[in-house]
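Residue-level structural notes
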Amino acid sequence: MLAGGQSLIPLLKLRFASPGHLVDLNFIPAMSFIREDAGALRFGAMTRHAEIENSLLAGKIPMLHDCAAGIADVQIRNRGTIGGSLAEADPSGDWGNALLTLDTILHCLGPNGTRRIELKDFIKDAYTTALAHDELVSEVEVKIPPKGSGGAYLAFKRSAPVYPSASVAVQLTMAGDVCQDAAIALGCVGLTAIRVNEAEAALRGKVLNEKTIATAGDAARAAGDPQPDMRGSAEYKRQLVLALVQHAIRIAARRAGGESVEGMHLYA
Ligand SMILES: Cc1cc2nc3c(=O)[nH]c(=O)nc-3n(C[C@H](O)[C@H](O)[C@H](O)COP(=O)(O)OP(=O)(O)OC[C@H]3O[C@@H](n4cnc5c(N)ncnc54)[C@H](O)[C@@H]3O)c2cc1C
């Protein structure tokens with residue numbers, strides 16, 4: 001299946017994939033939309049990153065804007081789709097990390113109808129999903145977080161058209177300066193995005209201050225299993241995770257308090 005082609009076309013060009021047939025999803029108009037329905041935002045699988053970046057409706061969950069606006073460069077954001085990105089399950093992909101901290105359900109359509117699969121059960125391993133060979137992702141449903149919530153997605157990269165060296169997603173629910181609930185996920189430091197229960201527990205039920213933020217950062221730093229590559233050494237990526245998590249927690253808390261704070265990908 002061909003969506004935006006931003007992962008598939010390079011694979012075809014490199015001869016890593018040689019399918020007998022290509023089914024072009026771009027001819028199915030009903031697969032691209034952004035809607036609010038029953039407390040959730042619903043994205044057609046063919047919705048482009050750029051459409052999400054520029055959507056006021058999607059901006060109701062600020063982390064979605066952070067994520068979409070930082071994916072590669074504008075050409076790739078104009079073609080690449082949210083469904084294609086999740087179906088590709090690239091360990092460095094931004095959507096698979098950001099959406100892991102939100103209640104996200106994928107609608108998967110096959111000959112026997114639609115299955116709803118939670119994102120945490122959808123991505124099984126690097127480049128491996130729960131999709132059957134005759135299924136496609138038709139829709140991505142993201143529950144709107146409760147009042148008093150705020151989130152942030154931060155990724156650190158060397159330049160726009162490359163994948164991040166490390167990325168973090170943080171979603172908090174606050175009551176004053178007490179953190180009622182926390183979801184923290186890391187990207188690019190494992191075969192899939194990683195939810196960090198220890199970092200979440202370091203915040204949940206606690207007053208958010210420099211000490212609790214530092215404890216959460218340390219827990220996140222310890223949870224990743226980064227591999228050294230052209231984007232940096234394993235130790236460098238661990239340090240990135242520590243800094244990004246602390247920064248994202250602060251932005252998420254301010255957003256939870258109603259402030260409008262810019263959050264985005266950061267460049268070397
Ligand atoms: C130079 C470059 C830099 C990039 N940088 C980043 C980055 O920083 N962050 C990031 O997240 N991504 C990045 N990308 C990837 C980009 O976001 C892609 O858009 C995305 O990974 C795949 O989406 P697509 O719509 O292009 O899918 P395609 O390339 O068309 O398809 C990818 C795979 O998913 C399958 N597929 C597609 N849609 C569906 C569907 N609805 N149901 C079932 N299977 C489906 C296809 O069959 C194929 O196997 C980059 C890509 C390039 C070329």
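Preceding block: the structure.
Okay, so let's go over this structure. For clarity, every value in this text was computed on a predicted model and none was experimentally measured.

Moving on to the pattern of salt bridges. Under the counting rule described, the total for this entry stands at 18 salt bridges. Asp66 serves as the salt-bridge partner of Arg255, at 2.8 Å between the closest nitrogen and oxygen. Of this pair, Arg255 sits in helix H10 (residues 234-256) while Asp66 sits in helix H3 (residues 62-70), and the two are 189 residues apart along the sequence. Arg116 is the salt-bridge partner of Glu141, the closest N and O atoms lying 3.2 Å from each other. With Glu141 in strand S7 (residues 136-143) and Arg116 in strand S4 (residues 113-118), this residue pair connects regions lying 25 residues apart in the sequence. On the basis of relative accessible area, Glu141 is assigned to the buried category, the value being 13%. A relative accessible area of 52% places Arg116 in the exposed class.

Moving on, we come to the sheet that holds strand S12 (residues 266-267). Strand pairing in a sheet relies on backbone hydrogen bonds. The paired strands run either parallel or antiparallel. On the basis of which strands lie adjacent, the open sheet formed by 5 strands has the order S11-S10-S9-S8-S12 and mixed pairing. Only two strands of the sheet have a single neighbouring strand rather than two, namely strand S11 (194-195) and S12. Of the pairings in the sheet, the one linking strand S10 (residues 178-187) to S11 comprises 2 bridges and is antiparallel in character. Paired with Ala185 across the strands is Arg195, a residue of S11.

Procedures and definitions
Residues numbered from 1 in each chain as written. Predicted model: local features only at pLDDT ≥ 70, side-chain atom pairs only at ≥ 80, totals over all residues. Heavy atoms only, no water. Salt bridge = Lys/Arg side-chain N within 4 Å of Asp/Glu carboxyl O. Helix = DSSP H or I, 4+ residues; strand = E, 2+ residues; numbered from the N terminus. Buried < 20%, exposed > 50% of the residue type's maximum accessible area, 1.4 Å probe, protein only. Pairing = 2+ DSSP bridges.

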